[in-house]
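Each chain, letter by letter, is given below.
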Amino acid sequence: MKKKITIKEIARELNVSVSTVSKALRNRKEIGPETTQKIQAFAKMLNYKPNSIAVSLKNKKTRNIGVIIPEIVHHFFTTVIYGIETVANELGYNVIVCLSNESFDKEVINMETLANSSIDGFIISLAKETQMKKDFHHLKEAIDQGMPLVMFDRIVDEIECDKVIVDDAYGAYNATNHLIRSGCKKIALLTTVDYVSVGNLRTLGYKNAISDAGMQVNNELIIKIENIENCQGEIEKLFNDYDFDGVLAVNEVFAVTAMREALERKIKIPEDISFIGFTDGMLSKHSYPRLTTVQQHGYKMGEEAAKLLINKLEEEKEEEVYTTEIIKTSLIERESTRAI
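All of these numbers come straight from a predicted model, not from anything done at the bench. (Residues numbered from 1 in each chain as written. Predicted model: local features only at pLDDT ≥ 70, side-chain atom pairs only at ≥ 80, totals over all residues. Heavy atoms only, no water.)

Q: Help me out: how do you make sense of helix 7 (residues 137–144) in this one?
A: Because an α-helix packs 3.6 residues into every turn, residues spaced three or four apart end up facing the same way. Those residues of helix 7 lying buried are His-138, Leu-139, Ala-142, Ile-143 and Asp-144. On its buried face, helix 7 sits against helix 1 (7–14), helix 2 (18–25), helix 5 (104–116), strand 3 (121–124), helix 6 (128–133) and strand 4 (149–152). Directly beyond the C-terminal end of helix 7, a positive phi value near 85° is found at Gly-146. (Buried < 20%, exposed > 50% of the residue type's maximum accessible area, 1.4 Å probe, protein only. Helix = DSSP H or I, 4+ residues; strand = E, 2+ residues; numbered from the N terminus. Contact = heavy atoms within 4.5 Å.)

Encoded structure:
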């Protein structure tokens, strides 16, 4: 089968930027008539046709931004969307949100649907299944066709684009170190499966903190949970099989579920076991006892993602320069940990 020609290949052949090719194919006024004519003639000669993900590249901007998130149950993602909406609306853009439900196929369909509905660019956090499959063709196609894309939270190195991430490794390191300084000697980790990028980084931070404290990492206390819905059974097994005096959870659902299990077993919190979870959401603030958390500043992440995308949409730079913004975490101390 004959390979489909992309905007990226046209740009490389003519020694111009992808942005220039994209604008010339859309007859944008900022590209000179001679350059536009040359690019359009070359594209016609190669029988270039935009793919389904790029059909929204019209002559006129729609001022619509497509946002794809893996799930809505986490407080973190709702705060990110709020940050995106705030910045986008202030700058005259509308936001359309789709949910992948952690499905690769749904993520691809969402991108195609949004593109066909005429959007100017994407902001996306990858589905678990996409990270597991390591199939990023839909993202590469969008970028190759000149569609600006910003990834946040769950990202991959294989895709060159603007990114916004939390300092996950440091956040987990700081939280684990807090447990150690409060007297914990055996700290369990409730994390995700290996292919989820944020879970990997938080596991790395946890391990580094334990090693730096001169303690031995016990891999049996690292519990990798596939789905939130199935976390209860995995957590019960942890309590049945092992002794520990501290828990770091990569989200507040795992943390609160583990605290409930402890209370049902008449275990005192934080005297017998201390708990810290990522995401400072409603569960953390209203659990009993209230949960010490690693705050990820999702609203700030959403603001930065929207700014990066809109700057890319409105800038006139010829070179493709990509930025990775790192949002620092904060530790919010509450009653689930002992005071230092």
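From this point, the narrative continues.
Q: Help me understand the side chain of Ser-287 in this model?
A: Its place among the elements puts Ser-287 in the loop between helix 12 (282–286) and strand 10 (292–295). Of note is the side chain of Ser-287, whose polar atom sits 3.3 Å from the backbone oxygen of Ser-284. Other than its neighbours up to four places away in sequence, Ser-287 contacts Val-256 and Met-259. (Polar contact = N/O pair within 3.5 Å; in protein donor to acceptor, adjacent residues only side chain to side chain.)

Q: What should I look at first to understand the packing of aromatic side chains in this one?
A: Any two aromatic rings considered together are summarised by their centre-to-centre distance and by the angle between their planes. A complete count under the given rule lists four aromatic pairs for this structure. For the pair Phe-76 and Phe-77, a centre-to-centre distance of 5.2 Å together with 65° between the ring planes defines the contact as edge-to-face. The pair Phe-76 / Phe-77 is uniform in exposure class, with both members buried. Consider the rings of Phe-77 and Phe-152, whose centres lie 6.2 Å apart with planes at 70°: the pair is edge-to-face. Here Phe-152 lies in strand 4 and Phe-77 lies in helix 4 (residues 75–90), a separation of 75 residues in the sequence. With relative accessibility at 2%, the residue Phe-77 sits in the buried group. Each member of the aromatic cluster is reached from another via a ring pair, and the members are Phe-76, Phe-77 and Phe-152. Over the aromatic face of Tyr-93 sits the side chain of Arg-63, whose NZ or CZ is 4.2 Å from the ring centroid. If you follow Arg-202 out to its NZ or CZ, it ends over the ring of Phe-278, 4.1 Å from the centre. (Phe/Tyr/Trp six-rings, centres within 6.5 Å; stacked < 30°, edge-to-face > 60°. Lys NZ or Arg CZ within 6 Å of the ring centre and 35° of its normal.)

Q: Looking at this structure, I do not really get the pattern of salt bridges. What am I missing?
A: Should their charged atoms come close, side chains of opposite charge can pair. One pass over the full model with this rule turns up 14 salt bridges. As a salt-bridge pair, Arg-154 and Glu-71 come within 3.6 Å of each other at their nearest N and O atoms. With a gap of 83 residues between them, Arg-154 in the loop between strand 4 and strand 5 (162–166) and Glu-71 in the loop between strand 1 (64–69) and helix 4 connect regions that are remote in the sequence. Judged by relative accessible area, which is 12%, Glu-71 ranks as buried. (Salt bridge = Lys/Arg side-chain N within 4 Å of Asp/Glu carboxyl O.)

Q: I keep staring at the packing of helix 1 against helix 2 and nothing clicks. Help me out?
A: Helix-helix packing: each pair is described by the crossing angle between the helix axes and the interaxial distance. With their axes 8 Å apart at the nearest point, helix 1 and helix 2 run at an angle of 110° to one another. By the criterion of interaxial angle, the relationship of helix 1 to helix 2 is roughly perpendicular. In this structure, helix 1 contributes Ile-7, Lys-8, Ile-10 and Ala-11 to the contact, and helix 2 contributes Val-18, Val-21, Ser-22 and Leu-25. Classifying every residue of the contact of helix 1 with helix 2 by side-chain character gives six nonpolar, one polar and one charged. (Axes fitted to C-alpha atoms, helices over the stretch in contact; angles between N-to-C directions. Parallel < 35°, antiparallel > 145°, perpendicular 65-115°, else oblique. Nonpolar A, V, L, I, M, F, W, Y, C, P; charged D, E, K, R; others polar.)

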